Every structure is written in C-alpha cells, then in structure tokens.
Amino acid sequence: MSDISRNDKALTKRLVIFGLGLADTGLGRVLVEIVSRLKVSWEVTVVLQDADGSFPHIDDISVINMADNRCKLFKNDVFNNSAVVNAECILIVGQPWKCIDLIITVKRTVPTAKIALYLPIEGKPYGEVIVSSAALVDICIVYTKAMHDQLSGCGLELAVIGHGCDQRCRDAGKVSDRQLLRQHLFPNHPSLWKNPLVLNSNRMYFRKRFDLCLAGFSKASKRINANLYLHIPNLNRYEEKKLRSKIIELNIDDRVFLNLLNKSSSPIPFEQLILLMQSSEVGITTAMGEGWGLGSFEHAATGAAQIVPDHIGFKENWGNGEAITIPCDEEYYVHHEAVNMFPPSVSGISTALVKMFEEPGLLELMSRRAFDNANSINQEWDDIGCQFDFILSSLLIT
C-alpha cells in the first residue's frame, strides 16, 4: 500500500467514506489505495459497517468501525461524531438496496454535505431500486461504461471509475517455469506438478457460480489433461463440504484441488496468492454477475490466459479477443442485487476449456493477449485516486 505524505496546512476539504460491506475483497483493496491518495488533499474519516475484516492503519486517517453492532450506524453516536457532522462530502460505497436508508439518514442529518455513491452493480439493473438510490445523491459512480450506458436514460448524474489492476501483480509478472513453481507451492501433491493448471480464484458468493465451473470442467476433463484449482478465501465448513461432495459426485476429485494453501478460513497472504496465480496457465471465472472483475486483471498480469463470461463488464474489458468468452444464454434475477444476471452455459465453459488446450498455439496467444490487456489499461490506482479527487472536489464547486 502506498503511503503518500500530506501538507496539513493545505487541507480544507472534509470527506467521510461510508463503506458498506467492506472486507478483504477486491473492492476493499481498491478503496484502501484510493483513501491513501485522497488523504493528500482531504481530511478523511472512514466509517465501516457490515464488514468482515478491519480497515488497515493509514496515517492521518480516522476509522470508525461499526461492524460489531450494525444498528449503531443509524443511532446518534455516529452522526454526533464531529467528523461526520462537519463533512463537506460523503462517499457511500455499497449495494443499492443497502444504501437507500443510509442515504436518507445522511441527507437528513448532514444536509449541507454533497453525496457521491460508488455503486457496485453486478448485472443488468432491474426495477427501480438502483435508480431510486442513485437519484438521491449528487453523483453516482459506476465501474464500467456499459453500466453507465444502462443508466444513462434515467436522468442521473453519472461518472465511470473502474478498479484497474493491483500494481503488485504487474510488478510480479510472469515466471519462466510454472511446473517448478508448482513443485515449490505443492510439495506434497505431485499430481499437480506436470499438467497445466486452471485457476478459479473467487469468493464463495452465489453469483460466482462455482457449480457451473465444476460442471463445465467435468465435461471438458474427458478431453483435456489440465487440473483445476479452486481458491476460495473465507470458505466456511458448510460450503466446503458442499463443494467437496459435488466434486466427488462429478468424479473429478483426482483433478480438482480446493484451498490447499489455506491453513485456516482466513485469506492467504497476497504474496502467496500472486505465486498461485503465477503457477497457473489459465484463469477462469464463471460468475453470472460481476462489476469489474479485478481478479481476472490481476491473474492476467502474471501471464495467464483468461476465460470469462460474455456479459456486461467482462464484455467491455475482455470482449475484443483478449480472452476466450463463454456464451450466456439465460437471465437470472437476483432480488437482493436488484439486477438480472447471466449464467454462463456449462457447455460453453467446457468448449472454452477444450479450445484453449486443444487448439495449437492458442494458449500461448491468449496468454500474451491477457498479459497485454492487464498491462495496458490506463487505470493505475494513482490515476483512480486522482479521478475520485477531481469528481468529489467538483461537487464542492457546484
């Protein structure tokens, strides 16, 4: 994490960030970096609610963690805090169905503050929930141009800021011998050493659709010799048991490996995650809904070819030949996200895997294209912090 010094005398702007659901996730890491840059020109207070993890220490940043008592957020103790009461700008990060009550409370208790909403939308907006939340704030920031276009006819003030790619993955880059690295990472699992490795690294959210990934890999495994590794941080025992049962049911328990590096339910160190990404030839995600897809960019930065669903953000970021895309023929309404999502087809997942490994020269070509894509996007986290600074500062002017 970058540590940028500041000049306290130059600070005239006061910002409060309400992070709904912030944890050790891609969005959480992005926000930490953004805060590290905003503190140069803002007095920043972060209010965490409904968080699985804690916000790391950053010099000159105040943190109020409400995770242990969610109801406190809507009591006077938070809104009596001087940093909140005197905020000139408030940035709210979270899903629309969670945000609307908070936005109303903020507008009532801090009526002079400008409000920006950084909105993770994981599919095609459905109904009025998203628009109703966004209509209450001064500006709604979304991840992709595709989502901007989805909402552009609703009379909202909109901006687009993506997540970019973690610079640590770019700095790590490719390794010359993946097999040797696998021997180092998995000394007690020689069956992982020789054959190519496909990595699905995601959290255990339903929208990530590990069930479809397993079904597609099972079908493809009859024609390819690759193994599949599932890296799922914070996996509870109930979900782990379900996954292992499905793997056995599909008769692929000798080809699928789950969380071998995880010594507990906590995430592995990021440096070890980079080694895991470097050790695998292909990255796959079968998420039926995604806002940005940070994991695909991070894995691609280590030289791994990518297989992604052909919908919304993935279509925008990977739909020009940078990855093999999986057809998504159906829509699936997810009420708590207020969107329709697009499950990738099992046959499409299988076809993509077989194509990647059977077509001569394709794996090497797609590895180069993915690597170039991850290293060519013009969204360094420094730039993203500057974009936030510009947008939030502009609100004060208007």
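Fair warning: this is a prediction, and the values are worked out from it, not measured in the lab. (Residues numbered from 1 in each chain as written. Predicted model: local features only at pLDDT ≥ 70, side-chain atom pairs only at ≥ 80, totals over all residues. Heavy atoms only, no water.)

### Side note on the environment of glycine 313
Part 1 of the reasoning: For glycine 313, the position within the fold is in helix α13 (residues 312-318).
Part 2 of the reasoning: For the pair glycine 313 and glycine 162, spaced 151 residues apart in sequence, the C-alpha separation works out to 9.9 Å. (Helix = DSSP H or I, 4+ residues; strand = E, 2+ residues; numbered from the N terminus.)

### Some details on the sheet that holds strand β9 (residues 197-201)
Part 1 of the reasoning: Spatially, the six strands line up as an open sheet ordered β11-β10-β9-β12-β13-β14, and their pairing is parallel. Unpaired on one side and paired on the other, β11 (256-258) and β14 (324-326) mark the two borders of the sheet. Neighbour to neighbour, the strand axes of the sheet diverge by 20 degrees on average, direction disregarded.
Part 2 of the reasoning: As defined by bridge partners, β9 adjoins strand β12 (residues 282-284) across two bridges and the pair is classed as parallel. Directly across from valine 198, in β12, lies its bridge partner valine 282.
Part 3 of the reasoning: Where helix α14 (residues 346-358) meets the sheet, it contacts β9, β12, β13 (305-309) and β14, and its direction lies at approximately 165 degrees from that of β14. (Pairing = 2+ DSSP bridges. Axes fitted to C-alpha atoms, helices over the stretch in contact; angles between N-to-C directions. Contact = heavy atoms within 4.5 Å.)

### Looking at the packing of helix α8 (residues 178-185) against helix α11 (residues 270-278)
Part 1 of the reasoning: At a minimum axis distance of 9 Å, the contact between α8 and α11 shows a crossing angle of 135 degrees. In terms of orientation, α8 lies oblique with respect to α11. Considering the relative orientation of α8 and α11, their crossing is left-handed. Here Arg178, Leu181 and Leu185 of α8 lie close against α11, whose contacting residues are Leu275, Leu276 and Gln278.
Part 2 of the reasoning: Considered class by class, the residues forming the contact of α8 with α11 number four nonpolar, one polar and one charged. (Parallel < 35°, antiparallel > 145°, perpendicular 65-115°, else oblique. Left-handed = near helix turned anticlockwise from the far one by under 90°. Nonpolar A, V, L, I, M, F, W, Y, C, P; charged D, E, K, R; others polar.)

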